[in-house]
Amino acid sequence: MRKTLLLKLITLMLVVTLFSMGVTTFFITKYAQSTLLNQIKEDLVSDIQSFKLFAKGGVNQDVVAEFGNQTGRRITLLNKNGDVLADSHISPQEMGNLLDRPEVQHALRDEYGSDERFCEYVGEHYIFVSAPVKDDIIVRIGLESENYYTTAVSFYHRAIIVVLLLLPFIFLVVFLVSRSISEPVRDLLVVTRRLKAGEFGRRVLVRTQDDIGQLGRAFNELSITLEEMFETINDKESKLNTVLASMDDGVFAVNMDGEVILANRAFGELTELDEKYLLGKDQREVIQNEELTDILIRTMLEERLITEEIRSYPGSDRILAVNCSPLESDDGQIIGAVAVFRDVTELRKLERMRREFVANVSHELRTPLTSIKGFIETLLNGSLDDKEITLRFLRIVNGETDRMISLINDLLDLSRIESGKQIVVMDKVNLSSVFEETFLLLQSKANSKDIELSNLINDKITVVGDTKLLRQVALNLIHNSIKYTQSGGSVWVEAAVKENEVEVTVGDTGVGIPVEHLNRIFERFYRADKARSRQMGGTGLGLSIVKHIVEKHGGTIRAESGEGEGTRIIFTLKLA
């Protein structure tokens, strides 16, 4: 910073000084050049006067040549028509009419005329001066301008030499003046950085009594004041930050203009924003949550506590409970609003899951119980004597009872897995053997629908997992595939090793699942086709149990399907 400021000052002062000297030298040189030219013209005018005296006895070629030799000038005589009568350097016959020459035109008006140009007759630059003499005769005296230009160039060279000789002295003066300005500024900068780092004991050395010296003294006084204020503010801020940082609830405050004046760590985590970045910014620009903006504005306008639930940002799944109250100054004026946020996403999710769970379980149990009650009432009302009807009704009651038992067993399995009470014994498991045993267990069901079962897993693939739970995964997936595959179809399982994991695919040629249902089929009690699932005896919990078991093993699971295109359930397990 010191070098930069010093360099800038030196550069600026050198540029200004050299520019001023350059401009001054230029104009002085131009003035000297103009003065020299005017002096030459005055000398030529004097020569014209001398020629008039010299030529009193008459003018002719000899007189002109003689005067030209004596003075070293070029003498030309013309009549008023511009015809050359005599010339000291060239034969008049070789010269044309000179009426259009500027110096001749001025002379015709009984004035002295002058011009500077290249003369094509002699091939040199000349300075011409002309004036009328006796008997309508105009005399023109010319001087080669080479001497004039030589003198001008010499003057330019001397001026440049003077400037170059002055440059070291100029640079020294500029450097000393620039340093006298930059040194105090550098000291101020150094002390300012120390103040920023919290070193308030630093002071600026005052060297002069000028404005910069007064600035240094004022800065020292300010440093003392800042040190006292900082200690007070730091103590209060430390206590406030300790309280805010230890809170699990987010705290957010704005002033009447909507600028953020306070935001704690918890609020930044809830809104996925940097709380330090928010300070001083317009809340509407950095957060862009219309619900929150509306709550803050209504709180300040209505001057009352407002409690609502909002999304952390548009489209977010996170739900925040907001308690917003007016922020008052010491004199009772409303100066903003402060809001306290609490994440209630999990709470609302659990409430929704509880409601759905109760509703689903009630629905799943009510259907078979209603059927059982209906059949029992029919039997009690006189159908017991009809053995055929009694047996048919008892078979239906038995099937509904099995369905309720299956539902309760699945609920118990799911509860144990979700609660963590299910003991998971990790071991090396041959993946092909697990599915081979499952195929043997379900072969009769597959044969009844003429479905082909294919195990395409390499015998050497071994994964890390709980054998019992992996068998349950295989059983649920293969059973589902058989259940939703038409007669004559096929069900297969294959596995591919990818880095340190195995990707297992259970596929079938069944009815498939509509694309819009794929992201929800692993939810408990969710069925893409509720009527068809119940008809086939499904509880709606099988895929949910599979998902939880796979996740317990550190894997992922997804489904690929389309209506009428079959289904592929793909999950991953860690390679042993």
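Residues numbered from 1 in each chain as written. Predicted model: local features only at pLDDT ≥ 70, side-chain atom pairs only at ≥ 80, totals over all residues. Heavy atoms only, no water.

**Examining the overall build of the chain**
Now for step 1: Along the backbone of the chain there are 15 helices and 17 strands.
Now for step 2: By residue count, 38% of the 576 residues in the chain fall in the buried class.
Now for step 3: Surface summary for the chain: the accessible area is close to 33,500 Å², and the carbon and sulfur share equals 55%. (Helix = DSSP H or I, 4+ residues; strand = E, 2+ residues; numbered from the N terminus. Buried < 20%, exposed > 50% of the residue type's maximum accessible area, 1.4 Å probe, protein only. Areas by Shrake-Rupley, 256 points an atom, 1.4 Å probe, with all protein chains shown as cover.)

**A word on the sheet that holds strand β15 (residues 501–508)**
In a beta sheet, neighbouring strands pair by backbone hydrogen bonds and run either parallel or antiparallel.
Now for step 1: Strand order in the open sheet formed by 5 strands is β12-β14-β15-β17-β16, with mixed pairing between adjacent strands. Of all the strands in the sheet, just β12 (452–455) and β16 (557–561) have a single pairing partner and so form its edges. Within the sheet, the average angular offset between the axes of one strand and its neighbour, ignoring direction, is 15°.
Now for step 2: Bridging between β16 and strand β17 (residues 567–574) involves 5 bridges; their strand directions are antiparallel. (Pairing = 2+ DSSP bridges. Axes fitted to C-alpha atoms, helices over the stretch in contact; angles between N-to-C directions.)

**Examining the packing of aromatic side chains**
Now for step 1: Per the stated rule, a full pass over the model turns up 3 aromatic pairs.
Now for step 2: Taking the centre distance of 4.5 Å and the plane angle of 15° together, the rings of Phe252 and Phe267 count as stacked. Within this pair, whereas Phe252 is found in strand β6 (residues 250–255), its partner Phe267 is found in helix α6 (residues 265–271), the two being separated by 15 residues in sequence. Phe267 matches Phe252 in its accessibility class, with the two residues each being buried.
Now for step 3: Since its relative accessible area comes to 0%, Phe252 is described here as buried.
Now for step 4: Chaining the aromatic ring pairs together yields one cluster made of Phe252, Phe267 and Phe341.
Now for step 5: Here the basic side chain of Arg140 rests over the ring of Phe128, its NZ or CZ set 4.1 Å away from the ring centre. (Phe/Tyr/Trp six-rings, centres within 6.5 Å; stacked < 30°, edge-to-face > 60°. Lys NZ or Arg CZ within 6 Å of the ring centre and 35° of its normal.)

**Brief notes about the pattern of salt bridges**
Now for step 1: Considering all chains together, one arrives at 14 salt bridges under this definition.
Now for step 2: The salt bridge partner of Arg304 is Glu302, with a shortest N-O separation of 2.5 Å.
Now for step 3: On the basis of relative accessible area, Arg304 is assigned to the partly exposed category, the value being 39%.
Now for step 4: Among the charged side chains, a network of salt bridges with common partners joins Lys498, Glu503, Arg558, Glu560 and Arg568. (Salt bridge = Lys/Arg side-chain N within 4 Å of Asp/Glu carboxyl O.)

**Some points on the nonpolar core**
Now for step 1: Among the nonpolar cores identified, the biggest contains 39 residues, and Leu431, Phe435, Leu477, Ile478, Ile482 and Phe571 are the most heavily contacted of them.
Now for step 2: Counting residues per element, the ones that place at least two in this core are α12 (431–448), α13 (467–483), β14 (490–498), β15, α15 (542–552), β16 and β17.
Now for step 3: Sorting elements by how many residues they give to this core places α13 first, with 7 residues.
Now for step 4: Apart from residues lying up to four places away in sequence, Phe435 is in contact with Asn455, Ile457, Ala474, Ile478, Val493, Val504, Val506 and Phe571.
Now for step 5: Grouped together as the second largest cluster of nonpolar side chains are 21 residues, Val260, Val286, Leu296 and Ile306 included. (Core = buried A, V, L, I, M, F, W, Y, C linked by side-chain atoms within 4.5 Å. Contact = heavy atoms within 4.5 Å.)

**Observations concerning the packing of α12 against α13**
Now for step 1: Direction vectors running N to C along α12 and α13 enclose 35°, while the axes themselves pass 9 Å from each other. Where α12 crosses over α13, the two elements pack in a sense that is right-handed. Residues Val434, Phe435, Glu437, Thr438, Phe439, Leu441, Leu442, Lys445 and Ala446 of α12 lie in contact with α13, whose contacting residues are Leu470, Arg471, Ala474, Leu475, Ile478, His479 and Ile482.
Now for step 2: Looking at the contact of α12 with α13, its residues break down into 11 nonpolar, 2 polar and 3 charged. (Left-handed = near helix turned anticlockwise from the far one by under 90°. Nonpolar A, V, L, I, M, F, W, Y, C, P; charged D, E, K, R; others polar.)

**A word on α12**
Each α-helix winds once per 3.6 residues, and so residues spaced three or four apart point in a common direction.
Now for step 1: For α12, spanning 18 residues, the distance from its first C-alpha to its last is 26 Å, which sits close to the expected 26 Å at 1.5 Å a residue.
Now for step 2: Of all the bends in α12, the largest measures some 55° and sits at Leu442.
Now for step 3: Of the residues that open α12, the one with a side-chain oxygen 3.2 Å from the backbone nitrogen of Ser432 is Asn430.
Now for step 4: Of the residues one or two after α12, Asp450 is the one with positive phi, at around 55°. (Expected span 1.5 Å × (residues − 1). Bend = angle between axes of the 7 residues up to and from the residue. Polar contact = N/O pair within 3.5 Å; in protein donor to acceptor, adjacent residues only side chain to side chain.)

**What about the pairing of β15?**
Now for step 1: Of all 8 residues that make up β15, 7 are buried, and the element is covered over most of its length.
Now for step 2: Inspection of the sheet shows β14 paired to β15 by 8 bridges, in the antiparallel sense. In the strand pairing of β15, Lys498 is matched with Glu501.
Now for step 3: Following β14, the chain reverses through 2 residues before pairing antiparallel with β15; Glu499 in that reversal takes a positive phi of roughly 55°.

**A few points about a nonpolar patch on the surface**
Now for step 1: A surface patch of nonpolar side chains, about 420 Å² in accessible area, is lined by Phe19, Val23, Phe26 and Phe27.
Now for step 2: With respect to the helices, strands and loops of the structure, Phe27 is situated in helix α1 (residues 2–54). (Patch = residues over 30% accessible without salt bridge, like charges linked within 9 Å, V, L, I, M, F, W, Y side chains within 5 Å.)

**Some points on the confidence of the model for the chain**
Now for step 1: Mean pLDDT over the chain: 77, with 76% of residues reaching 70 or higher.
Now for step 2: Here helix α14 (residues 530–535) stands out as the element of the chain with the lowest mean pLDDT, 46, in contrast to β15, whose mean of 93 is the highest.
Now for step 3: Residue range residues 530–537 is modelled with pLDDT below 50. Its contacts to residues more than four positions away, or to other chains, number 11 contacts. (pLDDT = per-residue confidence, 0-100.)

**Quick notes on the packing of α13 against α15**
Now for step 1: Running from N to C, α13 and α15 point in directions that differ by 145°, and their axes come no closer than 9 Å. The chirality of how α13 crosses α15 is left-handed. Residues Leu469, Gln472, Val473, Asn476, Leu477 and Asn480 of α13 lie in contact with α15, whose contacting residues are Gly542, Leu543, Ile545, Val546 and Ile549.
Now for step 2: Taken together, the residues of the contact of α13 with α15 break down into 7 nonpolar, 4 polar and no charged.

**Notes on the sheet that holds strand β9 (residues 319–328)**
Now for step 1: Pairing in this open sheet of 5 strands is antiparallel, and the strands run β7-β6-β10-β9-β8 from one edge to the other. Here the strands that pair on one side only, and so sit at the sheet edges, are β7 (260–263) and β8 (306–311). Ignoring which end each strand starts from, the neighbouring axes of this sheet average 25° apart.
Now for step 2: Pairing between β6 and β7: 3 bridges, direction antiparallel. The residue of β7 that forms the bridge with Val254 is Val260.

**Quick word on the pairing of β14**
Now for step 1: Examined bridge by bridge, β12 and β14 share 4 bridges and lie parallel to one another. Bridging across to β14, Ser454 finds its partner in Trp492.

**Description of the side chain of Arg140**
Now for step 1: For Arg140, the position within the fold is in strand β5 (residues 137–144).
Now for step 2: Residue classification places Arg140 among the buried positions, given a relative accessible area of 2%.
Now for step 3: Residues contacting Arg140, with those up to four places away along its chain left out, are Arg74, Ile75, Thr76, Leu78, Met95, Leu98, Arg101, Glu103, Arg117, Phe128, Val129 and Ser130.

**Considering unusual backbone geometry**
Now for step 1: Of note in this structure, Glu303 is not a glycine but carries a positive phi near 55°.
Now for step 2: Positionally, Glu303 belongs in the loop between α9 (290–302) and β8.
Now for step 3: Glu303 sits in the exposed class, given a relative accessible area of 52%.
Now for step 4: Its identity is not glycine, yet Glu499 carries a phi of approximately 55°, on the positive side.
Now for step 5: Within the fold, Glu499 resides in the loop between β14 and β15.

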